[in-house]
Amino acid sequence: IPSNSPVGAQFPFSGIDDRENWPIVFYNRTCQCQGNFMGYNCNECRFGYTGPNCTVRRNMIRKEIFRMTTAEKDKLIAYLNLAKRTTSPDYVIATGTYEQMNNGSNPMFADINVYDLFVWLHYYASRDAFLEDGSVWANIDFAHEAPGFLPWHRFFLLLWEREIQKVTGDDNFSIP
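Looking at an unreviewed UniProt entry, the chain carries the name Tyrosinase, with the source organism given as Odorrana livida. UniProt annotates the chain under Sequence similarities (unreviewed entry) with the comment "Belongs to the tyrosinase family." Per its UniProt entry, the chain bears the Subcellular location (unreviewed entry) comment "Melanosome membrane".

And the structure:
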């Protein structure tokens, strides 16, 4: 349960950025999957589960990158390069603001490859905040200077790993 405590002096604005109350602002606007299912349409198993009903517990082993064999390192690089050449079948990115899209009547989206999707997600979470008067608040970084640092990056890496598994068909792939 998120805290109702007032924000600190480092955040002098309120209601100007969709990242302000993450993750609760996101979860309050989306459907929720049941059981061990997850994903934008609840068709995938939660991290750590597998099987037709997502009931089989699965543990992944992460290797220390300096202990990987040459073949394992080559496979990692090949998978990352494949992700750079593969258009995401599930996600697009916004190429305009909510105002430019005129409340959805002028959709502005573009396809993106799986690798760059995660570059974009990381950028989006840590970018400057655009204020109502057109100025930019450059002293905020929601992904790195907030309590959500560890859980956000944990989810980010698990999702990135999952998308690379889907691109490659290698369910045993894990990020070192």
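Read on, since the account is not over.
Participant: What am I meant to see in the UniProt feature "domain: Tyrosinase copper-binding" (unreviewed entry) in the chain here?
Facilitator: The UniProt record annotates "domain: Tyrosinase copper-binding" (unreviewed entry) at residues 144-161. Structurally, residues 144-161 is divided into 72% helix and 0% strand, and its ends, taken at the C-alpha atoms, are 20 Å apart.

Participant: In this structure, what is going on with a nonpolar patch on the surface? I would like to understand it.
Facilitator: A surface patch of nonpolar side chains, about 310 Å² in accessible area, is lined by Tyr 123, Phe 130 and Val 136. Following the sequence through the fold, Val 136 ends up in strand β8 (residues 136-137).

Participant: Looking at this structure, how should I read the environment of Pro 107?
Facilitator: With respect to the element layout, Pro 107 can be found in the loop between β5 (87-94) and β6 (109-113). Owing to a relative accessible area of 55%, Pro 107 belongs among the exposed residues under this scheme. Sequence separation between Pro 107 and Gly 96 is eleven residues; the distance between their C-alpha atoms is 8.2 Å.

Participant: Can you walk me through the state of the cysteines in this structure?
Facilitator: In protein structure, a disulfide is the covalent linkage between the sulfur atoms of two cysteines. This structure, assessed with the given rule, holds two disulfides. Between the sulfur of Cys 33 and that of Cys 42 lies a disulfide, 2.1 Å long from S to S. Taking the sign of the S-S torsion, about -90 degrees here, the bridge from Cys 33 to Cys 42 comes out left-handed. Residue class for Cys 33 comes out partly exposed when judged on its relative accessible area of 24%. Disulfide pairing is shown between Cys 45 and Cys 54; the S-S distance is 2.1 Å. Across the S-S bond linking Cys 45 and Cys 54, the dihedral sits near -85 degrees, which makes this disulfide left-handed. This pair shows no difference in class: Cys 45 is buried, exactly as Cys 54 is.

Conventions used here
- Along every chain, residues carry numbers that run from 1 in the direction the sequence is written.
- Only residues with pLDDT of at least 70 are given local features in this predicted model, and only at 80 or more are side-chain atom pairs given and counted; all residues enter the totals for whole chains, interfaces and linings.
- In computing side-chain values, all of the structure's heavy atoms are included and hydrogens and water are not.
- UniProt positions are given in the numbering used here, feature names are shortened, and annotations may be inferred rather than shown by experiment.
- Put simply, DSSP marks the helices as runs of H or I at least four residues long and the strands as runs of E at least two long, and each gets a number from the N terminus on.
- The patches reported here contain residues having more than 30% relative accessible area and no salt bridge. Joining distances are 9 Å for like charges and 5 Å for nonpolar side chains (Val, Leu, Ile, Met, Phe, Trp, Tyr).
- The accessible surface values rely on the Shrake-Rupley method and a 1.4 Å probe; as for residues, cover is taken only from the protein chains in view.
- Here, a salt bridge means any side-chain nitrogen of Lys or Arg that lies within 4 Å of a carboxyl oxygen of Asp or Glu.
- Remark: exposure states derive from per-residue accessible area (1.4 Å probe, protein chains only) relative to the maximum for the residue type, with buried under 20%, exposed over 50%, and partly exposed in between.
- What counts as a disulfide here is a pair of cysteine sulfur atoms lying within 2.5 Å.

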